[in-house]
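# Results of the structural survey
Read off the chains here:
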Amino acid sequence: VAFEALGQVRLTEADYVRRLGAIAESQQGGLLSRLDEATTERLRSTVEELGLSLDSFRHFKPWFAAQTLSGFMSVESQLSAALGVDRQIYRGAVRRRLLAYGLESDDAHDAVFNRMPEAASVQFLQMVLDPDFPSGESLVDAWVVGDEAVIADYVRQLQAQYPLWYERVLKQRNEAWMAPLQVMLSGERRFTVVAGAAHFFGPHSVPALLKQRGFTLNRVPLAATPATD
């Protein structure tokens, strides 16, 4: 089974955030000096709505502020990262003694954040604070019922409205995953690849990039769910 990065699924969500926090060193001048007036006001409003203190965020880098707010928003929406599909599949793979691989190393996964250009970092925060941008809750609801149009539209909006973040978190990583995926696909073993739904839609998606490299992709229909009492 291939995951985005093993550290992401081996750690609890709390430990993962703590690890990110350890690389999110405080920055001279503070967070607010890097934001325009509109973003600052949205940050103030969001922090107050969540019952948090703005002082707690003052020395965060924008991407870590965004990551932290996302976590609190998930709690507000009653979403639990501990129940994430990737973690569930990883635990199942461990129980069945299946080999687990990472499409990127833990260091490479962390570098998406800790080596992020500041403009992309600010865009990430702006996206999280954007009340009109699709929320995590709406995306989870769409995924549960298999509404691919919602996910595809989310990727289109991300590319159009927050192109630096799209480039950083989707396009660049999908392209980097091609090398390990091509090795996996050239062997005799069969792999299950587990990644966020957004990686499978759009012009720079994993399926699109594989097709560009000459692979033929066939959609496998989901097996019918057995009836239960």
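Summary of the structure given here. Predicted, not measured: the structure shown is a model, and the values here were computed from it. (Residues numbered from 1 in each chain as written. Predicted model: local features only at pLDDT ≥ 70, side-chain atom pairs only at ≥ 80, totals over all residues. Heavy atoms only, no water.)

## Some words on the overall build of the protein chain
A tally of regular secondary structure across the protein chain gives 11 helices and three strands. The order of α-helices and β-strands along the protein chain, N terminus first, is β-α-α-α-α-α-β-α-α-α-α-α-β-α. Of the contacts formed within the protein chain by residues at least 6 apart in sequence, a portion of 77% connects residues at least 24 apart. Accessible surface computed for the protein chain: about 13,500 Å², of which carbon and sulfur atoms make up 52%. (Helix = DSSP H or I, 4+ residues; strand = E, 2+ residues; numbered from the N terminus. Contact = heavy atoms within 4.5 Å. Areas by Shrake-Rupley, 256 points an atom, 1.4 Å probe, with all protein chains shown as cover.)

## Remarks on the sheet that holds strand S3 (residues 193-194)
Spatially, three strands are ordered S2-S1-S3 in an open sheet, and the strand pairing comes out parallel. Among the strands making up the open sheet, the edge pair consists of strand S2 (101-102) and S3. Here two bridges tie strand S1 (residues 2-3) to S3, and the two strands are oriented parallel to one another. Directly across from Phe 3, in S3, lies its bridge partner Val 194. (Pairing = 2+ DSSP bridges.)

## Some thoughts on unusual backbone geometry
Although it is not a glycine, Arg 97 sits at a positive phi angle of roughly 60°. Within the secondary structure layout, Arg 97 lies in the loop between helix H5 (85-95) and S2.

## Some thoughts on the packing of aromatic side chains
Going through the model one piece at a time under the given rule, you end up with 11 aromatic pairs. Both rings, one in Phe 113 and one in Phe 124, keep their centres 6.5 Å apart while their planes meet at 45°; by these two values the pair is tilted. Here the residue Phe 113 occupies a position in helix H6 (residues 106-114), and Phe 124 occupies one in helix H7 (residues 118-129), the gap between them amounting to 11 residues. A relative accessible area of 5% places Phe 124 in the buried class. Relative to Trp 165, the ring of Phe 124 has its centre 3.9 Å away and its plane inclined at 5°; by these criteria the two rings are stacked. Separated by 41 residues along the polypeptide, Phe 124 in helix H7 and Trp 165 in helix H10 (residues 163-186) bring together distant segments of the chain. Across the pair, Trp 165 and Phe 124 agree in class, each one buried. An aromatic cluster is present here, built from Phe 57, Phe 60, Trp 63, Phe 64, Phe 113, Phe 124 and Trp 165 joined pairwise through their rings. (Phe/Tyr/Trp six-rings, centres within 6.5 Å; stacked < 30°, edge-to-face > 60°. Buried < 20%, exposed > 50% of the residue type's maximum accessible area, 1.4 Å probe, protein only.)

## Section: a nonpolar patch on the surface
There is a patch of nonpolar side chains on the surface, built from Val 85, Ile 89, Val 140, Trp 143, Val 144 and Val 145 and spanning about 550 Å² of accessible area. Every element with two or more residues in the nonpolar patch is listed here: H5 and helix H8 (136-145). For the nonpolar patch, the element with the highest residue contribution is H8, accounting for four residues. Within the secondary structure layout, Ile 89 lies in helix H5. Judged by its relative accessible area of 32%, Ile 89 falls in the partly exposed class. (Patch = residues over 30% accessible without salt bridge, like charges linked within 9 Å, V, L, I, M, F, W, Y side chains within 5 Å. Salt bridge = Lys/Arg side-chain N within 4 Å of Asp/Glu carboxyl O.)

## Quick word on the packing of H6 against H10
Where H6 contacts H10, the axes come no closer than 10 Å and their chain directions differ by 160°. In this view, H6 runs roughly antiparallel relative to H10, as classed from their interaxial angle. Pair H6 / H10 crosses with right-handed handedness. Note on element contacts: H10 touches H6 through Trp 165, Arg 168 and Arg 173, opposite His 109, Ala 111, Val 112 and Phe 113. Across the contact of H6 with H10, the residue classes tally to four nonpolar, one polar and two charged. (Axes fitted to C-alpha atoms, helices over the stretch in contact; angles between N-to-C directions. Parallel < 35°, antiparallel > 145°, perpendicular 65-115°, else oblique. Left-handed = near helix turned anticlockwise from the far one by under 90°. Nonpolar A, V, L, I, M, F, W, Y, C, P; charged D, E, K, R; others polar.)

## Here we look at the nonpolar core
Ranked by size, the top nonpolar core spans 37 residues in total, and within it Leu 43, Leu 69, Phe 124, Leu 125, Met 127, Leu 158 and Trp 165 carry the most contacts. Of all the secondary-structure elements, those providing two or more residues to this core are helix H3 (37-49), helix H4 (62-76), H6, H7, H8, helix H9 (148-161) and H10. No other element matches H7, which puts seven residues into this core. When residues no more than four places from it in sequence are discounted, the contact partners of Leu 43 are Leu 31, Leu 32, Leu 35, Leu 54, Leu 69 and Leu 129. In this structure, Ala 2, Trp 177, Met 184 and Val 206 belong to the second largest nonpolar core, which totals nine residues. (Core = buried A, V, L, I, M, F, W, Y, C linked by side-chain atoms within 4.5 Å.)

## Regarding the pattern of salt bridges
Under the defined criterion, the tally for this structure stands at nine salt bridges. Among the ionic pairs, Glu 41 bridges to Arg 44, the shortest N-O distance being 3.3 Å. Taken as a pair, Glu 41 and Arg 44 lie in helix H3 at a separation of three residues, close to a single helical turn. Its salt-bridge partner being Glu 167, residue Lys 171 comes within 3.9 Å of it at the nearest N-O pair. Taken together, the residues Lys 171 and Glu 167, both in helix H10 and four residues apart, mark about one turn of the helix. Taking relative accessible area as the criterion, Lys 171 reaches 18% and is therefore assigned buried. Glu 167 gets classed as partly exposed once you look at its relative accessible area, which sits at 29%. Look at the salt bridges and you will find they share partners, linking Glu 4, Glu 104 and Arg 173 into a network.

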